Amino acid sequence: MIRDDLAILVEQALAAAQAAGDLPEFAAPDVQLEHPQRPEHGDYSANLPLRIQGLARMKAIEVAEALRKHVPAHAAVAEVRVAPPGFLNFYLDGEWLASQAATIAAEGTAFGSTEAGRGKKLQLEYVSANPTGPCHVGNGRGAAIGSSLALVFKAHGYDVEQEYYVNDAGTQVAIFGRTLYARYQQLFGRDVTVPENGYPGQYVIDLAEDLKAEFGDAYLRPEGEEPDPALGELGIQRMVERIRTDLGLIGVHYDRWFSERSLQVEGGPYDRAFGRLRDGGYVVEREGAVWFATSQLGESKDNVLIRSDGQPTYFATDIAYHYNKFIERGFDRVIDIWGADHQGHVSRVKASVQAVGGDPEKLDVLLYQLVTLKRGGEIVPLSKRAGDIVTLREVVEEVGADATRYFFLATSAGSTVDFDLELAKTQSDENPVYYVQYAHARIAGVIARATEQGLSSAGANASLLTHEAELTLIRRLLELPETEEKVLADLAPHHLPHYAQGLASAFHVFYTQCRVITDDAELTKARLLLLEAARAVLARALGLMGVSAPEQM
RNA sequence: GCCCCCGUAGCUCAGUGGACAGAGCAACGGACUUCUAAUCCGCAGGUCGGAGGUUCGAAUCCUCCCGGGGGCGCCA
């Protein structure tokens, strides 16, 4: 990308200046280029002189001047200027910019793709909400972040597997089974109550009704007896199906649904991982429970693996799960995306990866802050245990899949967000996602009209693109590769909506100032070429967000 | 009590070592006989929670304090 090309020019200038004796010899830090906030400071700016003034024992402004003299000529660069207190500012050449419209149009939606991840097996695990209830709004945030990251990684050559970890074992599943059986019995007139710590939500009643309609009293046992485990399993299966369907509504699809229970088969990952922990001397028994001596690995405290009732903890199966990911499936990199309420879990999972022979450096845990759901300013609880849950499906039906995904993507994972249902509904017409989509629809409209009139960009002369609005738009197009790089480096897909917003804005300005289809046949061709480039980049940005790029609105 | 995240315009949020802090929404004033006005232009809006410190340079890094959220050995 152009930014990297310019960085190389700066490195070359430094080497040349040192060779010529204009600067002393020293090892310089990596060259970083940025976009100045003010246009008069150029398109790209290097602060290298300020950072090496100490090494050079010269004033920054003099370092900058020494560098400027040695910057090699480059087709993209019209001018390099020195600005106080010591910046080296690059101004892109208008003719080169115009030529980029042709380059981008030719690449189409492949513009921005790289092979950076070629041959790397990457796993992204996200949402993985308990199958004891449908996805709620908060799960939607994890879904949008994970899904979008997966799309970007794929676009850069990574072999990506998206996985949902199904917690189909353990205490909560058992409680869910008992809740379901209680609701089921109620449908047959029995006076039973939902167990303490059960799931009071309406969806369990709905599920019980479905099962009764389908299987009648097949799961009913004599009063007072324990429920048929098969009922609970069936219930979990149905909830998983529901989750799969609901996530599909916002375009989230997984390569694999990984069963927690499958880890626990005789001689399976759970046993093997446990063996590794024992071999490492990390397993101790105390207070009737079995502990993982995480404190030996720098953790502040030990953690229970097997409870005193003999059941493994969530942590224990999670160790087996990560053992399976790293050691048995051999991923080169694993990214877990969790809600911030799992924050305390991060360091001990990393410690466990190390303990079972994996490399904790290859594990990234991306935490997103929780979503506060509001209805008309009032907080609505999100927990499945609270009963009154607002499902992801309800939200999608109210505000639409595109707006939902865009909303969840638009803020950085580190910020808490308020999702006000009333606001989401009333402001749906003003949602930024429509601003971006409208830009795409406008482009599609003009191109369609041009096609009707037998016009195309064939044989276009890009150098006719000289209007300031045209060049500004092209500058924006060129920022897509940088944006994607930043998304991957920071694991921060929120850069995408931010970028798309700016790109759409540059397009709308262009559209207002520059008429595409005119009597000037040559200029029309050139502008159609620019439209094709803009359309491809916009469609790509929207696609990476998992948001549709409509032909018309 | 300890740990993590956050605090930026009226609201929702970008910006996390560079130049005079940005966008959207809301408010106000303009622009459609012309490829979609879900648009554009203009105007306005800020002690970057507070106080010290480091640095040529701090919204950004360090320390302390205030406020909000999350977490802290047998829930997941």
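For the structure, check the block above.
Residues numbered from 1 in each chain as written. Chains lettered and ligands numbered in written order. Predicted model: local features only at pLDDT ≥ 70, side-chain atom pairs only at ≥ 80, totals over all residues. Heavy atoms only, no water.

Asker: Honestly, the overall build of chain A in this entry has me stumped. Any pointers?
Answerer: A tally of helices and strands in chain A yields 19 helices and 15 strands. Oriented by its inertia axes, the alpha-carbon framework of chain A measures out at about 90 × 60 × 40 Å. Counting over 553 residues, chain A shows a buried share of 51%. Long-range pairs, those at least 24 residues apart, make up 73% of the contacts in chain A with a sequence separation of at least 6. Carbon and sulfur atoms make up 47% of the accessible area of chain A, which totals about 24,300 Å². (Helix = DSSP H or I, 4+ residues; strand = E, 2+ residues; numbered from the N terminus. Buried < 20%, exposed > 50% of the residue type's maximum accessible area, 1.4 Å probe, protein only. Contact = heavy atoms within 4.5 Å. Areas by Shrake-Rupley, 256 points an atom, 1.4 Å probe, with all protein chains shown as cover.)

Asker: Honestly, the pairing of strand E11 (residues 333-339) in this entry has me stumped. Any pointers?
Answerer: Here is the key point about a regular strand: its side chains alternate between the two faces of the sheet. For E11, the tally of buried residues reaches 6 of 7 residues, placing the bulk of the element in the interior. Taken together, the 6 bridges between E11 and strand E12 (residues 363-368) define a ladder with parallel strand orientation. By the bridge assignment, Trp 338 is partnered in E12 with Leu 367. The parallel pair E11 and E12, bridged by helix H11 (residues 346-355), forms a crossover whose chirality is right-handed. (Pairing = 2+ DSSP bridges. Right-handed = clockwise from strand over helix to strand, strands pointing away.)

Asker: I keep staring at the pattern of salt bridges and nothing clicks. Help me out?
Answerer: Close approach of charged atoms allows side chains with opposite charge to pair. For the structure shown, the criterion picks out 27 salt bridges. The closest approach of N and O atoms between Asp 302 and Arg 286, which form a salt bridge, is 2.8 Å. Within this pair, whereas Asp 302 is found in the loop between strand E9 (289-292) and strand E10 (303-306), its partner Arg 286 is found in strand E8 (residues 283-286), the two being separated by 16 residues in sequence. Classification of Asp 302 by relative accessible area gives buried; the value is 17%. Judged by its relative accessible area of 34%, Arg 286 falls in the partly exposed class. Notably, a salt bridge pairs Arg 540 with Glu 484, separated by 2.7 Å at the nearest N-O pair. One end of the pair, Arg 540, is in helix H19 (residues 521-545); the other, Glu 484, is in helix H17 (residues 480-490), and 56 residues separate them in sequence. By the burial criterion, Arg 540 is buried, and Glu 484 matches it. Here the salt bridges do not stand alone but share partners, grouping Asp 43, Glu 468 and Arg 475 into one network. (Salt bridge = Lys/Arg side-chain N within 4 Å of Asp/Glu carboxyl O.)

Asker: Looking at this model, I keep getting lost on the protein's contact with RNA strand B. Mind explaining?
Answerer: If you check the shell around RNA strand B, you find 66 residues, and the closest are Lys 301, Arg 307, Tyr 435, Tyr 438 and Arg 442. Of what RNA strand B places within 4 Å of the protein, 61% of the atoms are sugar or phosphate. One of the backbone nitrogen or oxygen atoms of Tyr 314 is found 3.1 Å away from a phosphate oxygen of RNA strand B. Arg 348 places a side-chain nitrogen or oxygen 3.1 Å from a base nitrogen of RNA strand B. If you list the elements that add at least two residues to the surface near RNA strand B, you get helix H2 (48-56), strand E4 (87-92), helix H6 (171-186), E9, strand E15 (417-420), helix H15 (432-452) and helix H18 (495-513). A class-by-class count of the residues in the surface near RNA strand B yields 22 nonpolar, 28 polar and 16 charged. (Near = heavy atom within 4 Å. Polar contact = N/O pair within 3.5 Å; in protein donor to acceptor, adjacent residues only side chain to side chain. Nonpolar A, V, L, I, M, F, W, Y, C, P; charged D, E, K, R; others polar.)

Asker: Even after reading the chapter, I still don't get the packing of H15 against H18, so can you show me in this structure?
Answerer: Two packed helices can be described by the angle between their axes and the distance between those axes. Axis separation between H15 and H18 bottoms out at 9 Å; the angle between their running directions is 45°. It follows from the interaxial angle that H15 and H18 lie oblique. The element H15 and its partner H18 pack so that their crossing is left-handed. Mapping the contact onto sequence places Pro 432, Tyr 435, Val 436, Tyr 438, Ala 439, Arg 442, Ile 443 and Val 446 in H15 and Ala 500, Gln 501, Ala 504, Ser 505, Phe 507, His 508 and Tyr 511 in H18. (Axes fitted to C-alpha atoms, helices over the stretch in contact; angles between N-to-C directions. Parallel < 35°, antiparallel > 145°, perpendicular 65-115°, else oblique. Left-handed = near helix turned anticlockwise from the far one by under 90°.)

Asker: It is not clear to me how the sheet that holds E12 should be interpreted in this structure. Could you clarify?
Answerer: Each strand in a sheet pairs with its neighbour through backbone hydrogen bonds, running either in the same direction (parallel) or in the opposite one (antiparallel). The strand order across the open sheet built from 5 strands is E7-E6-E5-E11-E12, with neighbouring strands paired in parallel fashion. Edge strands, defined here as strands with exactly one partner in the open sheet, are strand E7 (256-259) and E12. For this sheet, the mean angle separating the axes of adjacent strands, direction not counted, is 25°. Of the pairings in the sheet, the one linking strand E6 (residues 159-166) to E7 comprises 4 bridges and is parallel in character. Following the sheet pairing, Val 166 is matched in E7 by Ser 259. Packing of helix H10 (residues 314-328) onto the sheet brings it into contact with strand E5 (121-126), E6, E7, E11 and E12, and relative to E11 it is tilted by some 150°.

Asker: What's the story with the nonpolar core in this structure? I'm lost.
Answerer: Where a protein is soluble and globular, its nonpolar side chains tend to be buried together. Ranked by internal contacts, the top residues of the largest apolar core, which has 142 residues, are Phe 153 and Leu 247. Looking at this core, the element that brings in the most residues is H19, giving 13 residues. When sequence neighbours within four positions are dropped, the list of residues in contact with Phe 153 reads Leu 122, Leu 124, Tyr 158, Val 160, Arg 333, Ile 335, Leu 488 and Leu 491. Core analysis: the next-biggest nonpolar cluster, separate from the first, contains 30 residues, Leu 277, Phe 315, Val 353 and Ala 355 among them. (Core = buried A, V, L, I, M, F, W, Y, C linked by side-chain atoms within 4.5 Å.)

Asker: What am I meant to see in empty space enclosed by the protein here?
Answerer: To find the voids left in a structure, one rolls a probe of water-molecule size over its atoms. Summed over all chains, the structure comprises 2 cavities of 30 Å³ or more. There is about 50 Å³ of room inside the largest cavity. Forming the walls of the largest cavity are Ile 145, Phe 408, Leu 409, Thr 411, Ser 412, Ala 413, Leu 491, Ala 492, Pro 493 and His 494. Counted by class, the lining of the largest cavity contains 7 nonpolar, 3 polar and no charged residues. Empty space within the second largest cavity amounts to approximately 40 Å³. What lines the second largest cavity is simply Tyr 270, Ala 273, Phe 274, Leu 277, Leu 305, Ala 316, Ile 319 and Ala 320. (1 Å grid on protein atoms, 1.4 Å probe; cavity = no way out; pocket = protein on both sides within 12 Å on 5 of 7 lines; lining within 4 Å. Points joined across faces, edges and corners; volume = space filled by probe spheres on them.)

Asker: Would you take a moment to explain the sheet that holds E8 for this structure?
Answerer: Sheet architecture is open: 3 strands sit in the order E8-E9-E10, paired in antiparallel fashion. Looking at which strands have only one partner, the edges of the open sheet turn out to be E8 and E10. The mean angle between the axes of side-by-side strands here comes to 45°, regardless of whether they run parallel or antiparallel. Direction of pairing for E9 relative to E10: antiparallel, over a ladder of 3 bridges. Note that in E10 the partner of Phe 292 across the bridge is Asn 303. Lying over the sheet, helix H9 (residues 269-279) contacts E8, E9 and E10, oriented at roughly 130° with respect to E10. Taken strand by strand, H10 contacts E9 and E10, and its axis lies near 80° from that of E10.

Asker: Explain the packing of aromatic side chains here, please?
Answerer: Evaluation of the coordinates by the stated rule reveals 21 aromatic pairs. Centroid distance Tyr 165 to Phe 258: 6.4 Å. Interplanar angle 40°. Geometry classified as tilted. In this pair, Tyr 165 is assigned in strand E6 and Phe 258 in strand E7, connecting sequence segments 93 residues apart. For the pair formed by Tyr 165 and Phe 258, the shared burial category is buried. For the ring pair Phe 258 and Tyr 321, a centre distance of 5.0 Å and an interplane angle of 35° mean the geometry is tilted. Taken together, the residues Phe 258 in strand E7 and Tyr 321 in helix H10 connect sequence positions 63 residues apart. A network of ring pairs unites the aromatic residues Tyr 181, Tyr 184, Phe 188, Phe 215 and Tyr 219 as a single cluster. Note that Arg 244 overlies the ring of Trp 257, its terminal NZ or CZ placed 4.7 Å from the centroid. (Phe/Tyr/Trp six-rings, centres within 6.5 Å; stacked < 30°, edge-to-face > 60°. Lys NZ or Arg CZ within 6 Å of the ring centre and 35° of its normal.)

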